[in-house]
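Topology and contacts: notes
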2 protein chains.
Amino acid sequence: MRKKIIGEKIPTDCKQHLKAFNDTLDILNGKWIVMIIGCLAPGKKQFMELQRVVEGIGSKMLSKELQELELNGLIKRSVQDTKPITVEYELTAYGRTLKPIIDEMASWGKQHRERVIKEMTEKNDF
Amino acid sequence: MRKKIIGEKIPTDCKQHLKAFNDTLDILNGKWIVMIIGCLAPGKKQFMELQRVVEGIGSKMLSKELQELELNGLIKRSVQDTKPITVEYELTAYGRTLKPIIDEMASWGKQHRERVIKEMTEKNDF
DNA sequence: CCGCATCCCTGAGGATACTG
DNA sequence: CAGTATCCTCAGGGATGCGG
């Protein structure tokens, strides 16, 4: 069975814009994806290191998300033939092109959170 | 039970950046959310109009997504006391602040799709 | 160390039917 | 017209255990 690289959420061919948006959304949508990207941003890391840093993720999910990222060309996997085999993951240049989007979303989310909290305290709604 | 406005995907308080990102992601994540926003962009619409334009969505989902959007202050709901009651939905100014993000994601997704397709045809991988 | 296989559970989302 | 209620499905994701 082929792996899904490009999502197919939209049934009718309405609005390419939408399809394109959903492609991006699908990629960023994994529960740990962005955290992994963030952890990989400073430099290459091994599987174990990632699992320790991302804390909370199981090996299954980590491996799965890494595969997805690799399929999409966002990270590079390289096997080192050390004693017990080790594997290094690193962000590709292409992977870094996601940063502006992630940052913008984070920025919007930050001000949104502040906005919501302000509203709540004003209305004394809790 | 209180409605969820701000997501709580991240357990430990690691990285505010991440939390902020996920707030935005949660909002945009509904299957129909962006399509609804897109349909509302040109101007106000009624429930039925939306359901017709978005085609494929059921009334349950539409109503649920609209409520979420309203809770987040992205759209405004106004009841008209016409013969059989009608309701109008419209994007708020705040809701429009999402446009840059949506556009950027769509743009990235578009070039990503092209990139993937190009790779596939090159490798003759299918 | 790096994963894959397996089982299980939860929640998003669809179908359908019903009210004001 | 504008929803709400109910039931059902299915894929995302967690826990655990095994093999190279």
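As the structure is a prediction and not an experimental result, all values here were calculated from the model.

Residues and elements named next belong to chain A. Sheet architecture is open: three strands sit in the order β1-β3-β2, paired in antiparallel fashion. The open sheet has two edge strands with one neighbour each: β1 (45-46) and β2 (75-80). Pairing analysis gives six bridges linking β2 to strand β3 (residues 86-91), with the strands arranged antiparallel. Pairing of arginine 77 across the sheet is with tyrosine 89, part of β3.

What follows is about the protein's contact with DNA strand D. The environment of DNA strand D is made up of 16 residues, and the closest members are Lys31 and Lys60 of chain A together with Met48, Arg77 and Tyr89 of chain B. Counting only the atoms of DNA strand D that lie within 4 Å of the protein, the sugar and phosphate share comes to 70%. Within the side chain of tryptophan 32 of chain A, one N or O atom sits 3.3 Å away from a phosphate oxygen of DNA strand D. At 2.7 Å, a backbone N or O of methionine 48 of chain B approaches a phosphate oxygen of DNA strand D. Looking at the surface near DNA strand D element by element, the count peaks at four residues for helix α4 (residues 59-71) of chain B.

With that settled, consider helix α4 (residues 59-71) of chain A. Residue and element names in this part refer to chain A. The end-to-end C-alpha distance of α4 is 18 Å, a good match for the 18 Å that 13 residues give at a rise of 1.5 Å each. By the burial criterion, the buried members of α4 are Leu62, Glu65, Leu66 and Leu69. What you see down the axis of α4 is that its buried residues fit within an arc of 105 degrees, all on one side. Buried residues along α4 sit against α2 (33-40), α3 (47-53), β2 and β3. Positive backbone phi, at 75 degrees, marks glycine 73, one or two positions downstream of α4.

Conventions adopted
- Residues numbered from 1 in each chain as written.
- Chains lettered and ligands numbered in written order.
- Predicted model: local features only at pLDDT ≥ 70, side-chain atom pairs only at ≥ 80, totals over all residues.
- Heavy atoms only, no water.
- Pairing = 2+ DSSP bridges.
- Helix = DSSP H or I, 4+ residues; strand = E, 2+ residues; numbered from the N terminus.
- Near = heavy atom within 4 Å.
- Polar contact = N/O pair within 3.5 Å; in protein donor to acceptor, adjacent residues only side chain to side chain.
- Expected span 1.5 Å × (residues − 1).
- Buried < 20%, exposed > 50% of the residue type's maximum accessible area, 1.4 Å probe, protein only.
- Arc of directions from axis to C-beta.
- Contact = heavy atoms within 4.5 Å.

Worth remembering: the numbers are spatial, not functional.
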